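Tertiary structure, described
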Amino acid sequence: MSDTGLRRRKPLTLSRREDLHGRLLVGPTVIVVLLFAVLPFLAVALFAFLDVRLVDIPRLYIDNLVFTGDNIAAVWNSPRFWSAATTTVAYAAASSAGAVLVGLGVALALRRPFRGRGLIRALVLVPYVLPVVAAATIWKTLLNPGYGLVNAVGVEWLGWAEPIAFLTTTSRDLGPFEVPVALMCVIAFEVWKTFPLAFLFITARLQVVPEDIEEAAQIDGAGKTRIFRHLLLPELAGVMALLAVLRFLWSFQNFNDIYLLTGGAGGTEVLAVRVYSELVVRANIGTASATGLLMTGMLVVVVAVYAWMIKRERA
Amino acid sequence: MSETRTEDSTHSIVSDGGENVVPVGDSGNRGPKPRGARSFRRARLTAEDRVLGVLRWAVITVAVVATAGPLLYGVLLSLRPFQSVVSEPLDLVPALDEITVDSYPTALAEYGLGGNMWNSLQVALATAALAILFSVLGAYAAVRLRFLGRDTVNVVFLGVYLLPGIVLAVPLFVLLSRVGLTGSLVGLVFVYVAQTVPVALYMLRTYLVAVPSSVEEAAMIDGCGRLALIRRVVLPLALPGVAATALYVFMIAWNEYLFALLFLVADRDRWTVSLGIAQLTEFSVPTTVLMAGSIAITVPVVAGFFLAQRLLVTGLTSGAEKG
């Protein structure tokens, strides 16, 4: 009795009020994220097992769903899915490695202060803030076989026999090698667009590397490459690995850049473009969702492997 | 882990008395040859320094040309008549008498990019406002308050951040057309808010941590409620960071393409700038007009970015120092 009476007079303790306020304050965010990210993701898992097309949307009710494994089977057995998966892995691996290495190179080059460094640092970030559509339009013009600067330079000064249709050529013999031209172009675009982020993170990490050890090494006569290999690289390894994984995950799911540059032509059809064409061109929600679900599964595997490696390293 | 490795290598470089400093592969310089080795090493070092010095400027030059070059190329092309671009692709700098800004009104009025910009402005402003409202509250709770489910919420947000946009696009398209929200800018705004709130929350957290909690405690003792506290004390102190985050969200919404394509493509009046330009490239619109359009939609974000660059960079990279 007296206990309840006490509570009524003093409704909330400080910590319970903190708990309540905390939940109320994150509430709006949680609701939006649940409605527009978590719920849709659950819906993907559902649609992947339904025979449903775009025309069926108005007749889609929760109580008359017919489940089927056909979508997953169809996607799993389609050679086009697996060739897209291979392309995606190659694309994501190459652009993530490229972005981190270029970012590292530029960060090291801009490490020591000089006049105008601030301006150059800002300029280097331009590709990252450029709207992707504007960037892709400019690149398409640069690479245009008719009036693009790259082909004009190649034909005029580098002795190319004819202009190269960069974004539609699947492969081209270059001596002993067969070069996947269009794929190389979209990878180059992705590296160009994303290395600034790697540059920013590596620069931030470089700023907190203790300077005294480096000075001591210098006085003892260690060369710059040696200092880099033994002092800087171990310091940067963690942030570079994290960046590589994040860039891999993002490039793996990239739709915009490839769709805008090539539309998936010339051997650049990645999984994201396949999801889109299943949905829009073939108007099949089921197979589009199945493709998306398998794609997410692959990403989960990558994340799990990374988490496992981190854990093993800490242990 | 990296700590110990650092110590090891420090040890080998600093305390070897300099004997083993010359890189491996230079076998002619092994063994105790103090004086000769020293002078030889100095010569090697300057050679190395010289090579690296040249390399450094080469990297800087290439980086600047590669990053700023395409934008400059777009600007230059947008100022030339299309005929001259086709016939003389190598003449980058337009002759004084051929400079024309006609492509800009053509792109903005005739091809409707002006209207697209108005749509994008509304969408991006609404997204930024809502995302900031939500994430200020959420970030404050994450920084200052201990509540049940805080860790779960953090994990969910991180997961959302990593979920492929294209995978979410399929069900969002289906669900939003089911409730009749495709083809409306409102639906787009909510999708953008959900996509940007986790990033905004992450960035704001670092700015809010910097606000001293003693100020807040003082205000609370003076009888200030939680919401009033956030609005009157925390927000003003963290204002630069909040502005930078808002700008970042604005940029993401302004640049976004995939969801705009899926939701709005059928309704030309509602196209955003990204969709507008991308659709124009499908038709035989002169390149100069496309370049003018691309530059026109780029100017607002690049200008905003340069204004808030320093703040944005610290907000984005604050996690990096921990490695």
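Residues numbered from 1 in each chain as written. Chains lettered and ligands numbered in written order. Predicted model: local features only at pLDDT ≥ 70, side-chain atom pairs only at ≥ 80, totals over all residues. Heavy atoms only, no water.

For the rest of this paragraph, the subject is the packing of helix 10 (residues 211–219) of chain A against helix 11 (residues 224–252) of chain A. Residue and element names in this part refer to chain A. In contact at an axis separation of 11 Å, helix 10 and helix 11 are set at 155° when each is read in the N-to-C sense. Between helix 10 and helix 11, the crossing angle belongs to the class labelled roughly antiparallel. In the crossing of helix 10 with helix 11, the sense of the turn from one axis to the other is right-handed. Across the interface between the two elements, I213, E214, A217 and Q218 from helix 10 touch I227, L231 and L232 from helix 11. Of the residues that constitute the contact of helix 10 with helix 11, the class distribution is five nonpolar, one polar and one charged. (Axes fitted to C-alpha atoms, helices over the stretch in contact; angles between N-to-C directions. Helix = DSSP H or I, 4+ residues; strand = E, 2+ residues; numbered from the N terminus. Parallel < 35°, antiparallel > 145°, perpendicular 65-115°, else oblique. Left-handed = near helix turned anticlockwise from the far one by under 90°. Contact = heavy atoms within 4.5 Å. Nonpolar A, V, L, I, M, F, W, Y, C, P; charged D, E, K, R; others polar.)

In this structure, F199, I202 and F255 of chain A together with I166 and F263 of chain B are the most contacted members of the largest nonpolar core, which totals 180 residues. If you tally residues by element for this core, the top one is helix 9 (residues 181–207) of chain A, at 16 residues. Both of domain 1 (27–76) and domain 2 (103–322) of chain B provide at least three residues apiece to this core. Discounting residues that sit within four places of it in the chain, I202 of chain A has contacts with V100, G103, L104, A107, L236, V239, M240 and L243 of chain A. By size, the runner-up hydrophobic cluster in this structure holds eight residues, among which are I138 and Y147 of chain A together with Y73 and V85 of chain B. (Core = buried A, V, L, I, M, F, W, Y, C linked by side-chain atoms within 4.5 Å. Buried < 20%, exposed > 50% of the residue type's maximum accessible area, 1.4 Å probe, protein only. Domains from an automatic or database assignment.)

Mapped onto the elements, W160 of chain A comes out in the loop between helix 8 (149–157) and strand 1 (172–174). Owing to a relative accessible area of 27%, W160 of chain A belongs among the partly exposed residues under this scheme.

All told, the structure shown has 16 aromatic pairs over all chains when counted by the stated rule. Arranged with centres 5.3 Å apart and planes meeting at 55°, the rings of W139 of chain A and W192 of chain A form a pair that is tilted. With a gap of 53 residues between them, W139 of chain A in helix 7 (residues 132–142) and W192 of chain A in helix 9 connect regions that are remote in the sequence. On the basis of relative accessibility, which here comes to 13%, the residue W139 of chain A falls in the buried class. Here a set of aromatic residues connected by ring pairs shows up, and it is made of F255, Y259 and Y276 of chain A together with Y257 of chain B. (Phe/Tyr/Trp six-rings, centres within 6.5 Å; stacked < 30°, edge-to-face > 60°.)

With that settled, the discussion passes to the UniProt feature "transmembrane region" (unreviewed entry) in chain A. Residue and element names in this part refer to chain A. Following the UniProt record, the feature "transmembrane region" (unreviewed entry) maps to residues 24–50, 89–110, 122–139, 181–202, 231–250 and 285–309 here. From the first C-alpha to the last, residues 24–50 spans 37 Å; its make-up is 89% helix and 0% strand. For residues 122–139, the end-to-end C-alpha separation is 21 Å, with 83% helix and 0% strand making up the annotated structure. (UniProt positions renumbered as here; feature names shortened; annotations may be inferred.)

Right, let's talk about the interface of chain A and chain B for a bit. At the interface, 102 residues of chain A touch 108 residues of chain B. Together, the buried faces of chain A and chain B total about 9,200 Å²; carbon and sulfur atoms form 77% of this surface. At the junction of chain A and chain B, the tally comes to zero salt bridges. The interface formed by chain A and chain B includes nine residue pairs in polar contact (both at pLDDT 80 or more). (Buried area = accessible area lost by both parts, 1.4 Å probe. Salt bridge = Lys/Arg side-chain N within 4 Å of Asp/Glu carboxyl O. Polar contact = N/O pair within 3.5 Å; in protein donor to acceptor, adjacent residues only side chain to side chain.)

Right, let's get into the confidence of the model for chain B. Residue and element names in this part refer to chain B. Within chain B, residue pLDDT values average 77, and 84% of them lie at 70 or more. Within chain B, no element has a lower average pLDDT than helix 1 (residues 2–14), which sits at 36, and none a higher one than helix 12 (residues 258–264), at 89. Of the regions scoring below 50 in pLDDT, residues 1–37 engages in 47 contacts with residues more than four places distant in sequence or in other chains. (pLDDT = per-residue confidence, 0-100.)

When the charged atoms of two side chains with opposite charge come close together, those side chains can pair. All names here are of chain A. Summed over all chains, the structure comprises nine salt bridges over all chains. With a closest N to O distance of 3.1 Å, E214 and R111 form a salt bridge. Of this pair, E214 sits in helix 10 while R111 sits in the loop between helix 4 (79–109) and helix 5 (117–124), and the two are 103 residues apart along the sequence. Of the two residues, E214 and R111, neither departs from the other in class, the shared state being buried.

Another aspect to go through is the confidence of the model for chain A. All names here are of chain A. With 96% of its residues at a pLDDT of at least 70, chain A reaches an overall mean of 84. Mean pLDDT across the elements of chain A bottoms out in helix 1 (residues 2–9) (49) and peaks in helix 4 (93). Within the model, the stretch residues 1–7 combines pLDDT values under 50 with zero contacts to residues more than four positions away or in other chains.

Residues and elements named next belong to chain A. Position of L206 relative to the elements: it lies in helix 9. Residue L206 is classed as buried on the basis of its relative accessible area of 5%. Residues L206 and E235, spaced 29 residues apart in sequence, show a C-alpha to C-alpha distance of 8.2 Å.

In this model, A283 of chain A sits at a positive phi of 55°, which is unusual for a non-glycine residue. In this fold, A283 of chain A is placed in the loop between helix 13 (271–281) and helix 14 (285–314).

Time to look at a nonpolar patch on the surface. Residues and elements named next belong to chain A. A contiguous nonpolar patch, built from V301, V305, W308 and M309 and spanning about 400 Å² of accessible area, is present on the exposed surface. Along the polypeptide, W308 turns up in helix 14. On the basis of relative accessible area, W308 is assigned to the exposed category, the value being 51%. (Patch = residues over 30% accessible without salt bridge, like charges linked within 9 Å, V, L, I, M, F, W, Y side chains within 5 Å. Areas by Shrake-Rupley, 256 points an atom, 1.4 Å probe, with all protein chains shown as cover.)

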